[in-house]
Amino acid sequence: MTKADLVGRISAVYPYMSLKNIDRVLSIIFGSIINKLAEGGRVELRDFGSFSVRQRDSIVGRNPKSGEKVIVAARKVPFFKAGKNLKDVVNGKVKSRHNGILFGNLKGK
């Protein structure tokens, strides 16, 4: 599912909202998550999951073409941990508790 697909599905559930406003709201939400992660923070969305930043240490790798050793610098990477409800819905253990936009009306491709 792309952002445009998400905008379209939200528009189908909330037809009184313009596509431009839906796109703007999604941009604000995604931007807020990105900004919080850039600060080193954590974002938790109940029943969905949490986003955080993890530190990866530098490692010595190998160039697969030449075989020479290469130092891969330490870096931070975004990390997502699915919440229990999301895992259960994906695995078919339970039906979504949400009749609204979060799970129920946005079944992906």
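Above this note sits the structure.
## Examining helix α2 (residues 19-38)
No. 1: Along its 20 residues, α2 runs 28 Å from first to last C-alpha, staying within 8% of the 28 Å computed at 1.5 Å per residue.
No. 2: Residues of α2 that are buried: I22, L26, I33 and L37. Buried residues of α2, seen end-on, are gathered within an arc of 45 degrees and therefore sit on one face of the element. Structural note: α2 exposes K20, I28 and A38 on the side pointing more than 90 degrees away from its buried face.
No. 3: Looking one or two residues past α2, G40 carries a phi angle of roughly 90 degrees, positive in sign.

## Quick look at a nonpolar patch on the surface
No. 1: On the surface, V25, I29, F30 and I34 cluster together into a nonpolar patch covering about 340 Å² of accessible area.
No. 2: As for its placement among the helices and strands, F30 is situated in helix α2.

## Here we look at the pattern of salt bridges
No. 1: Counted by the stated rule, this structure contains five salt bridges.
No. 2: E44 serves as the salt-bridge partner of R42, at 3.0 Å between the closest nitrogen and oxygen.
No. 3: For R46, the salt bridge is made with E44, and the minimal N-O distance between the two is 2.7 Å.
No. 4: Taking relative accessible area as the criterion, R46 reaches 66% and is therefore assigned exposed.
No. 5: Given the relative accessible area of 40%, E44 is considered partly exposed.
No. 6: Within the structure, one salt-bridge network assembled from shared partners comprises R42, E44 and R46.

Criteria and thresholds
- Residues numbered from 1 in each chain as written.
- Predicted model: local features only at pLDDT ≥ 70, side-chain atom pairs only at ≥ 80, totals over all residues.
- Heavy atoms only, no water.
- Helix = DSSP H or I, 4+ residues; strand = E, 2+ residues; numbered from the N terminus.
- Expected span 1.5 Å × (residues − 1).
- Buried < 20%, exposed > 50% of the residue type's maximum accessible area, 1.4 Å probe, protein only.
- Arc of directions from axis to C-beta.
- Patch = residues over 30% accessible without salt bridge, like charges linked within 9 Å, V, L, I, M, F, W, Y side chains within 5 Å.
- Areas by Shrake-Rupley, 256 points an atom, 1.4 Å probe, with all protein chains shown as cover.
- Salt bridge = Lys/Arg side-chain N within 4 Å of Asp/Glu carboxyl O.

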